[in-house]
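Here is how the chains run, residue by residue.
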Amino acid sequence: MNSRVNVAVVGATGAVGQAMIETLLRRKFPYTSLKLLASKRSAGTTVMVGHTPNVVEEATPASFDDVDIALFSAGGDVSLQLAPEAVKRGALVIDNTSAYRMHPEVPLVVPEVNANALWTNKGIIANPNCSTIQMMVALYPIYKAYGIKRIVVSTYQAASGAGARAIDDLLHTAKQYLANEPMQASTLPVSKLKKHYPLAFNVLPQIDVFEENGYTKEEMKMVNETHKIFADDTIQVTPTAARVPVIYGHSESVYVETKEPFVLSDVLQLLQTAPGVIVQDNPQEQLYPQAIVAAGQLEVFVGRIRKDLYVDNGLSMWVVSDNILKGAAWNAIQIAELWLSQAGHR
Ligand code: NAP
Ligand code: 3JN
């Protein structure tokens, strides 16, 4: 690749697309041009890039002529249809949807964990699911040092993970509740049944649709993606994914059983020096990660780190990150930055 870098954001009007634009600016990503793509519905509307309004275009195969890096976040169907067209035209696709995550020829990358997998790509690189990404960043140092036999994880996922409409639904139902009116929910859980419950003052133990084994699609993504990212199918992953009335920032209670014994102070030290991790763990000062503090930040916050009272190699922790940033936009742009930093050397 020469020094010219033309970037396209597919899904530029969406929650993740907007965060991608903001993160490109925040990171001073060295693009030559930035093309904003969405569906026909938004073509002709404008989206702010910093202080400048940019016109949105309809995403078509020809949109990718002369695009070097295409950041996709417009849903799986759009990726299935247009990512191969972008690749055909010479673009590197970084896809935020689940469309290609489990494809054997598509690397599934969390830069802090498996940056090297990037170089095996054949034009498409997949970004994992947000709940998986933050868990991988926190667990990788532990996995490397002691091995992991088992993970039991419960998620407390923010409304923004289900898009802008879910945030509106949370705010709307909260206002209704506070006004003593009946709550009318119209978005969550995202379900084939189209049966919705209020998220305000509530917790919904369903993210995405149920599979035959009783787990939801979101939970199974955490199982399958963990295996692929750590390249280890032997890890027993047991997830429960829930939606909580938070706008930004997924929290996770993560319990692991390591293969080798560990000393707690060593684990703390490993996490303190791990890339992308900020340890916030001081019970005396009531310091631990919180979603409202992690919102807007790029790192993964880890705290409440403690040994199991009964199981020798058991370890619990609380892991929080901004689901739209490290969970989606920032992880994708981090991949693009890595790609650019190495492009001239490979
Ligand atoms: P959103 O706010 O609903 O935005 C959807 C975006 O896709 C909009 O820009 C929309 O454009 C565009 N779009 C829809 N249909 C299109 C089409 N036929 N052609 C081109 N663009 C089209 O959703 P979001 O929360 O940003 O999420 C978008 C996708 O990102 C999700 O479906 C998911 O696959 C992925 N995602 C990944 C994670 C993760 O865990 N890594 C987290 C959240 C989301 P219009 O304005 O024209 O409708
Ligand atoms: O609900 C969340 O907190 C995360 C949602 C992610 C999501 C939403 C719609 C479609 C995904 C994803 O990234 O796994 C997808 C999808 O592409 O399958």
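Residues numbered from 1 in each chain as written. Chains lettered and ligands numbered in written order. Predicted model: local features only at pLDDT ≥ 70, side-chain atom pairs only at ≥ 80, totals over all residues. Heavy atoms only, no water.

Draft legend 1. Spatial organisation of the overall build of the chain. Of regular secondary structure, the chain possesses nine helices and 14 strands. The C-alpha atoms of the chain give a radius of gyration of 20 Å, which matches the 20 Å a tight globule of 346 residues would have. Seen through its C-alpha atoms, the chain measures out along the principal axes to roughly 60 × 60 × 40 Å. For the chain, the proportion of its 346 residues judged to be buried stands at 51%. Of the contacts formed within the chain by residues at least 6 apart in sequence, a portion of 65% connects residues at least 24 apart. Looking at charge distribution, the chain has the averaged site of its 29 positive side-chain charges lying 3 Å from that of its 33 negative ones. (Helix = DSSP H or I, 4+ residues; strand = E, 2+ residues; numbered from the N terminus. Rg over C-alpha atoms; globule rule 2.2 N^0.38 Å. Buried < 20%, exposed > 50% of the residue type's maximum accessible area, 1.4 Å probe, protein only. Contact = heavy atoms within 4.5 Å. Lys, Arg positive; Asp, Glu negative; His and termini not counted. Charge placed at Lys NZ, Arg CZ, Asp CG, Glu CD.)

Draft legend 2. Structural detail: the site of ligand 1. Around ligand 1 there are 24 residues in total, and T13, V16, S39, S42 and C130 lie nearest to it. Contact between ligand 1 and S39: an oxygen atom at 2.5 Å from a side-chain N or O atom of the residue. Contacts to ligand 1 include R41, whose side-chain N or O atom sits 2.9 Å from an oxygen atom. A per-class count over the shell around ligand 1 returns nine nonpolar, 13 polar and two charged. (Near = heavy atom within 4 Å. Polar contact = N/O pair within 3.5 Å; in protein donor to acceptor, adjacent residues only side chain to side chain. Nonpolar A, V, L, I, M, F, W, Y, C, P; charged D, E, K, R; others polar.)

Draft legend 3. Examining the site of ligand 2 more closely. The environment of ligand 2 is formed by 13 residues, the closest being S98, R101, Q157, K221 and R243. Residue K221 places a side-chain N or O atom 2.6 Å away from an oxygen atom belonging to ligand 2. A distance of 2.7 Å is found between an oxygen atom of ligand 2 and a side-chain nitrogen or oxygen belonging to R243. Contact with the protein chains removes 73% of the 430 Å² of surface that ligand 2 exposes when unbound. The residue makeup of the shell around ligand 2, split by class, is two nonpolar, seven polar and four charged. (Areas by Shrake-Rupley, 256 points an atom, 1.4 Å probe, with all protein chains shown as cover.)

Draft legend 4. Fine view of the pattern of salt bridges. Evaluated as defined, the whole model comprises ten salt bridges. Here R4 and D68 are joined by a salt bridge, their closest N and O atoms 2.6 Å apart. Remark: D68 occurs in the loop between β5 (57-58) and β6 (69-72) and R4 occurs in the segment before β1 (6-10); sequence separation between them is 64 residues. Among the residues examined, R4 registers a relative accessible area of 34% and is labelled partly exposed. Here K149 ties to E257 by a salt bridge, and the two come within 3.4 Å at their closest N and O atoms. With K149 in strand β9 (residues 148-157) and E257 in strand β11 (residues 250-258), this residue pair connects regions lying 108 residues apart in the sequence. Overall, K149 belongs to the partly exposed group, its relative accessible area being 40%. Where salt bridges share partners, they join D65, E85, K88 and R89 into one cluster. (Salt bridge = Lys/Arg side-chain N within 4 Å of Asp/Glu carboxyl O.)

Draft legend 5. Expanded view of the sheet that holds strand β8 (residues 124-126). The six strands lie next to each other as β5-β2-β1-β6-β7-β8, forming an open sheet whose pairing is parallel. The sheet terminates laterally at β5 and β8, the two strands that pair on one side only. Both strand β7 (residues 92-95) and β8 contribute to a ladder of three bridges, which runs parallel. Bridge pairing links D95 to A126 in β8. (Pairing = 2+ DSSP bridges.)

Draft legend 6. Broad picture of the packing of helix α1 (residues 15-26) against helix α9 (residues 325-343). Taken N-terminus to C-terminus, the directions of α1 and α9 make an angle of 50°; their axes are 9 Å apart at the nearest point. Overall, the two elements α1 and α9 adopt an arrangement that is oblique. Of the two possible hands of crossing, α1 and α9 adopt the one that is right-handed. On α9, the residues that touch V16, A19, M20, T23, L24 and R26 of α1 are L325, A328, A329, W330, A332 and I333. (Axes fitted to C-alpha atoms, helices over the stretch in contact; angles between N-to-C directions. Parallel < 35°, antiparallel > 145°, perpendicular 65-115°, else oblique. Left-handed = near helix turned anticlockwise from the far one by under 90°.)

Draft legend 7. Seen up close, the packing of helix α4 (residues 130-146) against α9. Running from N to C, α4 and α9 cross one another at 85°; their axes reach a closest spacing of 8 Å. In terms of orientation, α4 and α9 fall into the roughly perpendicular class. Listed contacts from α9 to C130, I133 and V137 of α4 are K326, G327 and N331.

Draft legend 8. Quick peek at the sheet that holds strand β10 (residues 236-243). An order of β10-β9-β11-β14-β13-β12 is seen for the six strands of this open sheet, with the pairing classed as mixed. One side of each edge strand has no neighbouring strand; the edge strands of this open sheet are β10 and β12 (277-279). Geometrically, the sheet is characterised by an average inter-axis angle of 20° between neighbouring strands, direction not taken into account. Where β11 and strand β14 (residues 314-321) come together, eight bridges link them in antiparallel fashion. The residue of β14 that forms the bridge with V256 is L315. Relative to β10, helix α6 (residues 217-229) is tilted by about 145°, and along the sheet it contacts β9, β10 and β11.

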